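# Results of the structural survey
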Amino acid sequence: MLVSDRIEAQLPGWRERVNRLRGSCGDFKVCDVTISQIYSGIRGVQIQVSDISHVDPYEGLRLRGYTVSELLKLLPKAPNSDMPLAGGLYYLLLCDELPTQAEADWVENEWKKRCLIPTYVFNVLRRLPKETHPMTLFSIGITALQRESVFAKAYESGLIKSDYWRYYLEDALNLTAKLPGLAAFIYNLKYQDGITLPASPTLDWSANFAHMIDRTGDPAYHDLCRLFFFLHSDHEGGNVSAHTAHLVSSALSDVYLSSAAGINGLAGPLHGLANQECLKWLLTVRDHFGGLPEQEDLRAYLWETLNNGGLIPGYGHGVLRTTDPRFTAQMEFARKNFPEDELIQLVELIYNTLPPILKEQGKVSNPWPNVDAINGALQYHFGVKEFDFYTVLFGVSRIMGLTAHAVWARALNKPIERPKSLTTEMLESMVVTCES
Ligand code: HAX
């Protein structure tokens with residue numbers, strides 16, 4: 001198989017690099033951990049390795065070393081579109097090589113062969129109460145699919161450790177293939193007539209999601225899905241969903257179980273759910289002013305929100321210290337395709353108004369917008385107005401990163417994770433020793 005051959009060819013080199021680091025430099029100290037870091041979410045503690053993606057505070061996301069704007073130029077494009085094929089992106093994440101058009105098409109074709117979802121998964125989801133949150137449905141759908149795991153079956157009948165990754169890769173391709181269909185089924189079940197169109201054999205993975213939920217067939221929405229699924233695929237190893245999926249897969253829980261765990265983390269309001277909060281807030285601002293405000297009025301409104309201790313959704317970030325390039329890419333898409341959209345104009349006006357205010361207030365570490373400042377406004381433009389579905393879209397994309405990490409963790413024989421916890425008393429006695 002194309003992708004497994006590429007990974008296999010690289011493995012000796014990667015294993016040698018890791019073994020050299022662990023062997024001759026194994027005692028080298030990477031960082032110290034302070035008590036304040038322990039009590040503040042192990043923020044900034046360098047305890048993970050991800051060669052798949054990295055977030056630079058000032059440059060933003062790099063996927064396999066490439067920036068967002070580089071990849072928008074370099075990745076093979078979908079037919080009749082200037083947006084990248086998700087198949088090419090997944091090839092890059094898995095194989096650490098920029099794909100040719102044929103290699104991107106190879107992944108897209110594998111996805112087409114593997115995209116059918118067993119009926120029992122749909123039956124499970126249909127039986128849940130109608131008001132169940134779409135992220136819960138998504139997580140349950142992925143967990144139900146675990147019955148299909150080739151790794152879990154092969155492990156039971158006996159597997160050698162060096163072959164684990166091959167089965168993880170099979171699971172990864174099977175699971176990612178089914179995600180647009182699973183997400184479309186959930187959207188149609190919850191918000192439409194419950195009927196999902198079959199995937200089109202002529203459309204790529206991203207556009208097929210659009211096709212399965214959108215009866216209008218708007219090619220611009222196909223392109224937005226291609227852009228959105230590209231931009232949200234990974235964001236290095238330390239965020240809640242990536243970290244959770246990595247931890248769970250370190251116990252050799254298969255790709256279905258570990259991805260569902262990551263998705264449960266993504267469902268939290270401080271992580272993936274933030275995009276629905278951002279759109280709610282944008283609509284509140286628009287309704288407050290009855291449309292697009294004058295900049296001076298908006299400035300006063302933003303100051304008032306902050307002075308009352310309010311949070312401005314879509315601004316700030318745990319790592320970034322600049323405008324998120326994923327925000328910029330989507331802003332450019334909106335400017336090109338529907339510059340007259342009122343909400344998009346509001347997003348832009350806030351972008352031109354808020355950062356100097358946040359800087360003057362001096363509280364936030366990053367006064368610039370993150371990707372969630374615009375995500376919802378774009379979906380809203382195309383009539384996808386069900387806010388609580390937005391995190392499912394994020395999840396469809398993010399599972400590319402989660403599964404690519406899982407395949408490589410097994411390929412490099414990463415062991416089960418087991419950090420050590422301390423008691424408060426132990427910390428107190430360490431401090432006494434240090435103070436005396
Ligand atoms: N509006 C108002 N105040 C903000 C703020 C914002 N957008 N962002 C941070 N602050 C405040 C914090 O509440 C904190 O105040 P206290 O000291 O009183 O607790 C202070 O500024 C310092 O926080 P920080 O160091 O700048 O930010 P953190 O690294 O702690 O948190 C967050 C990063 C993204 C969670 C934060 O900026 C936030 O809540 N932003 C708004 C929600 C949001 O946009 N979330 C989406 C994040 C993107 C993502 O990861 N999606 O998955």
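Below or above, wherever it landed, is the structure these notes cover. (Residues numbered from 1 in each chain as written. Predicted model: local features only at pLDDT ≥ 70, side-chain atom pairs only at ≥ 80, totals over all residues. Heavy atoms only, no water.)

## A word on empty space enclosed by the protein
Here is the rule we go by: For each structure, a 1 Å grid was placed over the protein atoms alone; sets of points admitting a 1.4 Å probe that cannot get out are labelled cavities, open sets with protein on both sides within 12 Å along at least five of seven lines are labelled pockets, and lining residues have an atom within 4 Å of a point. Grid points are joined across faces, edges and corners, and a volume is the space filled by probe spheres set on the points. Strands here mean DSSP runs of E at least two residues long; helices mean DSSP runs of H or I at least four residues long; both are numbered from the N terminus. For this classification, the nonpolar set comprises Ala, Val, Leu, Ile, Met, Phe, Trp, Tyr, Cys and Pro, the charged set comprises Asp, Glu, Lys and Arg, and every other residue, Gly included, is treated as polar.
With the rule as written, the count across this model stands at 1 cavity of 30 Å³ or more. There is about 60 Å³ of room inside the largest cavity. Around the largest cavity, the lining residues are C278, W281, L282, P313, Y315, V347, I350 and A373. Of all elements in the fold, only α14 (274–289) and α17 (342–361) reach the threshold of two or more residues within the lining of the largest cavity. Considering each element in turn, the lining of the largest cavity owes the most residues, 3 residues, to α14. Among the residues making up the lining of the largest cavity, the classes are represented as 8 nonpolar, no polar and no charged.

## Overview of the packing of helix α4 (residues 86–95) against helix α5 (residues 101–114)
Going by this rule: Interaxial angle, 0 to 180 degrees, is taken between N-to-C directions of lines fitted to C-alpha atoms, where a helix line uses only the stretch in contact. Just so you know how the angles are binned, under 35 degrees is roughly parallel, over 145 roughly antiparallel, 65 to 115 roughly perpendicular, and the rest oblique. Contact definition: two residues touch when any of their heavy atoms are within 4.5 Å.
Where α4 meets α5, the axes come as close as 7 Å, and the angle between the chain directions of the two elements is 105°. In terms of axis orientation, α4 runs roughly perpendicular to α5. Contacts between α4 and α5 involve A86, G87, G88, Y90 and Y91 on the former and, on the latter, E103, A104, V107, E108 and W111. Class assignment for the residues of the contact of α4 with α5 results in 6 nonpolar, 2 polar and 2 charged.

## Observations regarding the site of the ligand
Operational definition: Being near a molecule or strand, for a residue, means having at least one of its heavy atoms within 4 Å of it. Side-chain atoms alone can form a polar contact between residues adjacent in sequence; in general such a contact is a pair of N or O atoms within 3.5 Å, and within protein one must be able to donate a hydrogen while the other accepts it. Throughout, the Shrake-Rupley method with a 1.4 Å probe supplies accessible areas, and for residues the shown protein chains are the sole cover considered.
Lining the immediate environment of the ligand, one finds 20 residues, of which R43, I312, G314, Y315 and S365 sit closest. In the environment of the ligand, a nitrogen atom lies 2.7 Å from a nitrogen or oxygen atom belonging to the backbone of I312. One nitrogen or oxygen atom from the main chain of G314 is found 2.7 Å from an oxygen atom belonging to the ligand. When the ligand is considered free in solution it has 920 Å² of accessible area, and contact with the protein chains removes 69% of it. The class makeup of the residues in the shell around the ligand is 8 nonpolar, 9 polar and 3 charged.

## Overview of a nonpolar patch on the surface
Going by this rule: Like-charged residues within 9 Å of one another, or nonpolar side chains (Val, Leu, Ile, Met, Phe, Trp, Tyr) within 5 Å, are grouped into patches, provided each residue has over 30% relative accessible area and no salt bridge. Salt bridge, as applied in this entry: a Lys or Arg side-chain nitrogen positioned within 4 Å of an Asp or Glu carboxyl oxygen.
Nonpolar side chains collect at one region of the surface, where V33, I35, I38, Y39, L422, M426 and M430 lie side by side and expose about 650 Å² of accessible area between them. Residue assignment for the nonpolar patch shows that the elements contributing at least two residues are α2 (35–39) and α20 (424–435). The leading source of residues in the nonpolar patch is α2, at 3 residues. Checked against the element boundaries, M430 lands in helix α20.

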